[in-house]
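Results of the structural survey
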Amino acid sequence: MRVALVCPYAWDRPGGVQSHIRSLAAVLRRRGHEVEVFAPISWRPRGAAGMVEPQDEITPIGRAIGIPANGSVAPITFGPIAAVRIRRALAGFEPDVVHLHEPLIPSLSLLALLSIKAPAVGTFHAAARSSLLYRICGPVLMKVMDRLTARTAVSEAAGRLVARYFPGELLSTPNGVDVGRFAAVAPTELGPGPHVLFLGRLEPRKGADVLIRAMALLSDTGATLLVAGDGRLRSRLQVLATGLGARVRFLGAVSEADKARLLRSCDLYCAPNLGGESFGIVLVEAMAAGCPIVCSDLEEFEVVAGDAATFAPVGRPAPLAEALRSVLSDPERALTMRKKSSARACVYDWSRLVTGVEAIYERSCAAAR
């Protein structure tokens, strides 16, 4: 089957949607499908950190600009030029099915949906209590939604947001990872002492400042925080870490390969997010690497990580520090958590989930026929 995967966000920026599509494309190709990914890329010059990696087989469509959305910044492309490019690119590929991610936000996916004749599967990733876009543009977007042959969501939280504004059948296509890739990668030497890893964009809702304040309370443990990621708050976070005397190393943006090595090498992965998450795919990546997890007690994180993680109250440095200490100071508990992480990650292995996605593709093609 010829499958077109359309990503709304800049491919060379980190994000859960990009990770989902990257892993899905890889497993579909291994199963014999002809897959092409269509996505914008950022305005950063070639050679800058985070550019498209050689193994990423994509067709770039336009340059993305950052638009504030859901407490983050969405790197998207839109407009008539992008519309013409995605229409021509898809026509040239001649897909049997087009899988659009976040198909209703003003992005490449929406532009593709408005122009294609092939069966279209739309997957929704975002979660929030409400959507200003959906509320204001609901009647118009409902007509656009009718162009989808199948609607899916990656989590219950994402499904609730869509169902609130657009009633109808909503299937499940959960986030997944290539568990074998994370489990098999060789660890790297991080230096003396235990290491806690933060991985994500440096923006308010990711909670990196809360984690730095917590690390300042753990100076007696000799633990070092590794911050893998970049963003507009980096300078402010560096000043905060220096002022508190916390042991923090800022690594900047890291490649997919380096991300896997870091997760395999650190003593603990921490996700201190403040909210706005629909799933938390990085938790699954950490579990696939067999890494102990401490994270915020968000409902979405509890669903994903279950008993493989230790949870701490959202936005509170002191309880977070105690949760980190409880794992760092107890090797036996850490070992048990590693085993639970590896076991739970198998639930989200794409080799297990991909047949469900293929079934949706087949159903969509049959409906179109």
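The present account deals with the structure reproduced in this document. Not measured: the values here are computed from a predicted model. (Residues numbered from 1 in each chain as written. Predicted model: local features only at pLDDT ≥ 70, side-chain atom pairs only at ≥ 80, totals over all residues. Heavy atoms only, no water.)

1. Examining the nonpolar core
Short version of the rule: By convention a nonpolar core is built from buried Ala, Val, Leu, Ile, Met, Phe, Trp, Tyr and Cys residues, the set being connected through side-chain atoms within 4.5 Å. Throughout this description, buried means an accessible area under 20% of the type-specific maximum (1.4 Å probe, protein chains only), exposed means over 50%, and partly exposed covers the range between. Helix and strand assignments come from DSSP, with helices taken as H or I runs of at least 4 residues and strands as E runs of at least 2, each series counted from the N terminus. Two residues qualify as a contact provided that any one of their heavy atoms is within 4.5 Å of a heavy atom in the partner residue.
In this structure, Leu197, Tyr269, Leu283 and Met287 are the most contacted members of the largest nonpolar core, which totals 35 residues. Taken together, the elements giving at least two residues each to this core come down to helix H6 (179–184), strand S10 (195–199), strand S11 (224–228), helix H9 (256–265), strand S13 (268–271), helix H10 (281–288), strand S14 (293–296) and helix H11 (299–305). No other element matches the seven residues that H10 contributes to this core. Sequence-distant contacts of Leu197, that is, excluding residues within four places in its chain, are made with Leu225, Leu226, Ala228, Leu262, Leu263, Cys266, Leu268, Tyr269 and Cys270. In terms of nonpolar packing, the next biggest core, distinct from the first, is built from 31 residues, Leu225, Val248, Phe250 and Leu268 among them.

2. Here's the deal with the sheet that holds strand S15 (residues 309–312)
Here is the rule we go by: For two strands to be treated as a pair, DSSP must find at least two bridges joining them. Axis angles are defined between N-to-C directions and span 0 to 180 degrees, where every axis is a line fitted to C-alpha atoms and, for a helix, only to the segment in contact.
One open sheet accounts for six strands, arranged S12-S11-S10-S13-S14-S15; its pairing is parallel. Strands at the two margins of the open sheet, each flanked by one partner only, are strand S12 (248–252) and S15. Neighbour-to-neighbour, the strand axes of this sheet turn through a mean angle of 25 degrees, independent of strand direction. Two strands pair when backbone bridges link them, and S10 and S13 are joined in this way by two bridges, in the parallel orientation. Residue pairing for S13: Leu197 is matched across the bridge by Tyr269. Sheet strands in contact with H9 are S10, S11, S12 and S13, and its direction is about 145 degrees off that of S10.

3. Focus: the pattern of salt bridges
Applied cut-off: Any carboxyl oxygen of Asp or Glu that lies within 4 Å of a side-chain nitrogen of Lys or Arg is treated as forming a salt bridge with it.
By the definition in use, this model includes 17 salt bridges. The closest approach of N and O atoms between Asp258 and Arg261, which form a salt bridge, is 2.5 Å. In this pair, Asp258 and Arg261 both sit in helix H9, three residues apart, roughly one turn of the helix. Its relative accessible area of 32% is what places Asp258 among the partly exposed residues. Between Glu322 and Arg325 there is a salt bridge whose closest N-O contact spans 3.9 Å. Here Arg325 and Glu322 lie together in helix H12 (residues 317–328), a separation of three residues that amounts to about one turn. One continuous salt-bridge network, built from bridges that share partners, spans Arg22, Arg181, Glu256, Lys259 and Glu285.

4. A look at the pairing of S14
To be explicit about the condition: The handedness rule is simple: strands pointing away from the viewer, and a clockwise path from the first strand over the helix to the second, make the crossover right-handed.
As judged from the three bridges shared by S13 and S14, these two strands associate in the parallel manner. The residue bridging Ala271 from the neighbouring strand is Cys295, located in S14. Between the parallel elements S13 and S14, the chain passes through H10 in a crossover that is right-handed. Direction of pairing for S14 relative to S15: parallel, over a ladder of four bridges. In the strand pairing of S15, Val294 is matched with Thr310. In this fold, the crossover linking S14 to S15 by way of H11 has right-handed handedness.

5. Brief notes about the sheet that holds strand S7 (residues 120–124)
One open sheet accounts for seven strands, arranged S3-S2-S1-S6-S7-S8-S9; its pairing is parallel. Either end of the sheet is taken by a strand with one partner, and the two such strands are strand S3 (58–63) and strand S9 (171–172). Strand direction decides the pairing type here: strand S8 (residues 150–153) and S9, joined by two bridges, are parallel. Residue pairing across strands places Thr152 opposite Leu171, the latter belonging to S9.

6. Remarks on the environment of Asn175
Spelled out, the test is: Under the rule applied, a polar contact is a pair of N or O atoms within 3.5 Å (in protein, one hydrogen donor and one hydrogen acceptor; residues adjacent in sequence only if both atoms are side-chain atoms).
Within the fold, Asn175 resides in the loop between S9 and H6. Not counting residues up to four positions away in its chain, the partners in contact with Asn175 are His20, His125, Val154, Phe279, Ile281, Tyr348 and Leu353. Here the side chain of Asn175 touches His20 through a polar contact of 2.6 Å, side chain to side chain.

7. Overview of the pairing of strand S2 (residues 34–41)
With seven of eight residues buried, S2 lies mostly within the body of the structure. As paired strands, strand S1 (residues 2–6) and S2 are joined by five bridges and run parallel to one another. For Ala4, the partnering residue across the bridge sits in S2 and is Glu36. Traced from S1 through helix H1 (residues 16–30) to S2, the parallel crossover comes out right-handed. As judged from the four bridges shared by S2 and S3, these two strands associate in the parallel manner. Directly across from Val37, in S3, lies its bridge partner Ile58.

8. Things to note about the packing of helix H4 (residues 132–145) against helix H5 (residues 156–165)
Basically, it comes down to this: For classification, angles of less than 35 degrees are called roughly parallel, those exceeding 145 degrees roughly antiparallel, those between 65 and 115 degrees roughly perpendicular, and all remaining angles oblique.
Where H4 meets H5, the axes come as close as 9 Å, and the angle between the chain directions of the two elements is 90 degrees. Taken together, the axes of H4 and H5 are roughly perpendicular relative to one another. The segment H4 lies against H5, with Tyr134, Arg135, Met142 and Met145 engaging Leu161, Val162 and Tyr165.

Purely geometric numbers; function is a separate question.
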